[in-house]
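The lines below spell out each chain.
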Amino acid sequence: MAMTKSGFVLCATAAAITAVTITGAGLHLSQGQAFFRESPKELVDEVWQIIDRNYVDGTFNQVDWKAIRTQYLKRSYVSQNDAYKAIREMLEKLEDPYTRFMNPEEFKNMQIDTSGELTGVGIQLAQDEKTKKLVVVAPIEDSPAFTAGVLSKDIILKIDNQKTEGMDVNKAVTLIRGPAGTQVKLTVLRGNQELEFSIKRARIEIHPVRYTLQKTPRGNIGYVRLITFSANATEEMRNAIQDLEKQQVNGYILDLRSNPGGLLNSSIEIARMWLQEGTIVSTVDRKGEVDRAQANRRALTLKPLVVLVDGGSASASEILSGALQDNNRAELVGTQTFGKGLVQSVRPLGDGSGLAVTIAKYYTPSGRDINKHGISPNYQIKLTEAEREALASDRTKIGTAADPQYVKALEILAKKVAKTQQSERAETKPN
């Protein structure tokens, strides 16, 4: 498996808001593809074949997958919608919320322009594997949902008064999406409190990297906030580090809080900017074949680094933070990360629909399985509900003295910088 292939997606649970690149995806039908419009049964079999060849679990969740094929091909299908319903039934037997079918409209929603723009409210959804409830992984910074006050871990109870009980992610995304300027009402459960948000949909331009130079008693510090691993995140991160290096910063704080993930290749390339050597991530497919991504000795900086994470840091964020932690390149501050350690490949199907299929599990360099567990920070710093809401409602407070997790990160970084400066003075001291 080629880990740098752009079609591999790490966080695609809410296609409407995740910037992904889909290898081979196209919206125009060839003569061969048109065949599937007239043969719904062939579409069902196409999906079965893809799962049979590629799904990460060779036992198919202890299901007799060959018997499933016989069962579903015996049926008569009079329309594409019949086939779509059957495919979704078939995939439910895997009990994997990340392996999912998208009809042509849903698949188009996933094919987001690599410029980093999208239309919607800007939230990432996942389905809790135990409760089946729809959970907000994270709102995109500066999106309508972010501005309205939607937070990571909020449970979506209703969309425009329609209950979400038993609703899958695709259906929820379809209901939440809509033309820019229109309204959608979300009812969420936060702890024991039920809240309502009326949110105006908008065209959202995403710049994944924000950075500033901050003056501290220990000298200049580079604060870099990465909000998503989109197609342009790699270039923007490189530009940020190079600019801060020119300004001769003494160390860095990398903020991955509420970053829901994105492209696998983006996480690997960004890790290489911080790591000179060592393993970044390993993936294991159902045959047990291991593929490792390594640092390439081309780090842009080796200055002291502290990373901020929280429960909204998922997938690609966990790969990056896990690699930096396991290689002793950085210490992590914040709270336990989300816990998504699966890789999906997104496949276009014959009639313009699409399939996201889990093809591998990934592990940190030390062999930690992140899925369902997440990554534990070196320093556990929890925010109160009031602190979380204050930072969410006023993003100018993020990365300032009003941000308790940032304050702790700065304290730790100051010690690391002092130690580095002491070592440098010792090296230059004449014998």
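Here we summarise the structure given alongside this text. None of the values given here were measured: they were computed from a predicted structure.

## A few points about unusual backbone geometry
With phi around 65 degrees, Lys132 is a residue other than glycine that occupies positive phi space. One can find Lys132 in the loop between β4 (123-127) and β5 (134-139). According to the relative accessible area criterion, Lys132 is partly exposed, its value standing at 36%. The phi torsion at Asp160 lies on the positive side, around 50 degrees, for a residue other than glycine. Along the chain, Asp160 falls in the loop between β6 (155-159) and β7 (162-163). What makes Asp160 partly exposed here is its relative accessible area of 40%.

## Some words on the pairing of strand β15 (residues 290-294)
By the bridge criterion, five bridges tie strand β14 (residues 279-284) to β15 in an arrangement that is antiparallel. Opposite Ser282, over in β15, you have Arg292 as the bridge partner. Following β14, the chain reverses through five residues before pairing antiparallel with β15; Gly288 in that reversal takes a positive phi of roughly 80 degrees.

## Some points on the environment of Gln336
Position of Gln336 among the secondary structure elements: in the loop between β17 (331-334) and β18 (342-348). Along the primary structure Gln336 and Asp310 are separated by 26 residues, whereas in three dimensions their C-alpha atoms are 5.7 Å apart. The contacts of Gln336, once residues within four sequence positions are left out, are Asp310, Gly311, His373, Gly374, Ile375, Ser376, Pro377 and Gln380. A polar contact is formed between the side chain of Gln336 and the side chain of Ser376, at a distance of 2.8 Å.

## Some words on the nonpolar core
Counting residues in each nonpolar core, the largest one holds 64 residues, and the members touching the most others are Ile51, Met237, Leu254 and Trp274. Beyond its immediate sequence surroundings of up to four residues, Leu254 is in contact with Val224, Met237, Trp274, Leu305, Val306, Val307, Leu308, Leu320 and Leu324. In terms of nonpolar packing, the next biggest core, distinct from the first, is built from 20 residues, Leu125, Val173, Leu186 and Val188 among them.

## Things to note about the packing of helix α2 (residues 40-54) against helix α3 (residues 65-73)
Between α2 and α3, the shortest axis-to-axis distance is 10 Å and the interhelical angle comes to 175 degrees. For the element pair α2 / α3, the angle class is roughly antiparallel. The residues of α3 that touch α2, namely those facing Lys41, Val44, Asp45, Trp48, Gln49, Ile51 and Asp52, are Trp65, Lys66, Ile68, Arg69, Tyr72 and Leu73. A class-by-class count of the residues in the contact of α2 with α3 yields seven nonpolar, one polar and five charged.

What counts as what
Residues numbered from 1 in each chain as written. Predicted model: local features only at pLDDT ≥ 70, side-chain atom pairs only at ≥ 80, totals over all residues. Heavy atoms only, no water. Helix = DSSP H or I, 4+ residues; strand = E, 2+ residues; numbered from the N terminus. Buried < 20%, exposed > 50% of the residue type's maximum accessible area, 1.4 Å probe, protein only. Pairing = 2+ DSSP bridges. Contact = heavy atoms within 4.5 Å. Polar contact = N/O pair within 3.5 Å; in protein donor to acceptor, adjacent residues only side chain to side chain. Core = buried A, V, L, I, M, F, W, Y, C linked by side-chain atoms within 4.5 Å. Axes fitted to C-alpha atoms, helices over the stretch in contact; angles between N-to-C directions. Parallel < 35°, antiparallel > 145°, perpendicular 65-115°, else oblique. Nonpolar A, V, L, I, M, F, W, Y, C, P; charged D, E, K, R; others polar.

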